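Take a look at the letters that make up each chain.
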Amino acid sequence: MGSVLSIIMRLFLGGLFILAGVLKLNDLQTFAEAIKAFKLLPEHVIAPAAYGLPWIEIIAGGLLILGLWTRASALLITLLLAGFTAGIVSVILRGIDTKCSCFGELEWPCSGDVGRCQIIRNSVLMLAGVIILAVGPGRFAAESPRRLPVD
């Protein structure tokens, strides 16, 4: 059962992070403005973050789907989600009204300004990452040990 759950979590979380990265790359200016609106990073870091973060998401998501460096990819994605969640909590506590831009213009499943919905969504996604960390890559992963038939 754990192997099946891990495969489902890998495909779900990996696919979601690839989608998020691609949607951000499609509108880097809007994503950079969203980062700036959070008022967490110095001005000179915003452009590199806007260019680099989508690629990190795409690569980590792809590795999860393939089952390569699965635990490392799951850990990276879980840490990213924890950082995103901390940023969202910070925005809420400081009373800043802004959009998340987590999935570009696609507001999934949350709509409107940053709020509790994004915290709940990220918490569920972090749980998926923790499951992958605990269970491992499961079957059908590129890094799964191959068993040769014994004569």
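Reading guide: rules and limits
- Residues numbered from 1 in each chain as written.
- Predicted model: local features only at pLDDT ≥ 70, side-chain atom pairs only at ≥ 80, totals over all residues.
- Heavy atoms only, no water.
- Core = buried A, V, L, I, M, F, W, Y, C linked by side-chain atoms within 4.5 Å.
- Buried < 20%, exposed > 50% of the residue type's maximum accessible area, 1.4 Å probe, protein only.
- Helix = DSSP H or I, 4+ residues; strand = E, 2+ residues; numbered from the N terminus.
- Contact = heavy atoms within 4.5 Å.
- Polar contact = N/O pair within 3.5 Å; in protein donor to acceptor, adjacent residues only side chain to side chain.
- Disulfide = S-S within 2.5 Å.
- Salt bridge = Lys/Arg side-chain N within 4 Å of Asp/Glu carboxyl O.
- pLDDT = per-residue confidence, 0-100.

**Observations regarding the nonpolar core**
Part 1: Judged by nonpolar contacts, the single largest core of 29 residues is most densely connected at Leu13, Phe17, Leu64, Ile77, Leu81, Val114 and Ile132.
Part 2: Secondary-structure elements contributing two or more residues to this core are α1 (2–25), α2 (28–37), α3 (43–66), α4 (70–93) and α5 (116–135).
Part 3: If one sorts the elements of this core by residue count, α4 sits on top with six residues.
Part 4: Setting aside its immediate chain neighbours within four residues, Leu13 contacts Leu64, Ile77, Leu125, Ala128, Gly129 and Ile132.

**Topic: the environment of Arg71**
Part 1: Tracing the backbone shows Arg71 in helix α4.
Part 2: When neighbours within four sequence positions are excluded, Arg71 is seen to be in contact with Ile132, Leu133, Ala134, Val135 and Gly136.
Part 3: Within the local environment of Arg71, its side chain forms a polar contact with the backbone oxygen of Leu133, the two atoms lying 2.7 Å apart.

**Section: the state of the cysteines**
Part 1: Under the definition given, this model contains two disulfides.
Part 2: The disulfide bridge from Cys100 ends at Cys102, spanning 1.6 Å between sulfur atoms.
Part 3: Judged by its relative accessible area of 18%, Cys102 falls in the buried class.
Part 4: Across a sulfur-sulfur distance of 2.1 Å, Cys110 and Cys117 are joined as a disulfide pair. The sign of the S-S torsion, about -85°, decides the handedness of the disulfide formed by Cys110 and Cys117: left-handed.

**Observations concerning the side chain of Arg121**
Part 1: Its location among the elements puts Arg121 in helix α5.
Part 2: Here the side chain of Arg121 touches Asn122 through a polar contact of 3.2 Å, side chain to side chain.
Part 3: Filtering out sequence-adjacent residues up to four positions away, Arg121 remains in contact with Cys100, Cys102, Phe103, Trp108, Pro109 and Cys110.

**Details of the pattern of salt bridges**
Any two side chains of opposite charge can pair, so long as their charged atoms come close to each other.
Part 1: The final tally for this structure, using the stated rule, is two salt bridges.
Part 2: Between Glu57 and Lys24 there is a salt bridge, with the nearest N and O atoms lying 2.7 Å from each other. A residue pair is termed long-range when its members are at least 10 positions apart, and Glu57 in helix α3 and Lys24 in helix α1 qualify at 33 residues. The exposure classification of Glu57 matches that of Lys24, with both residues buried.

**Overview of the confidence of the model for the protein**
Part 1: Taken over all residues, the pLDDT of the protein has a mean of 91, while the share at 70 or more is 93%.
Part 2: The weakest mean pLDDT in the protein belongs to α1 at 93; the strongest belongs to α3 at 97.

**Focus on the environment of Ala128**
Part 1: Looking at where Ala128 falls in the secondary structure, it is placed in helix α5.
Part 2: A residue is classified by how much of its surface remains accessible, and Ala128, at 2% relative accessible area, is buried.
Part 3: C-alpha of Ala128 to C-alpha of Leu5: the two residues are 123 residues apart in sequence and 9.4 Å apart in space.

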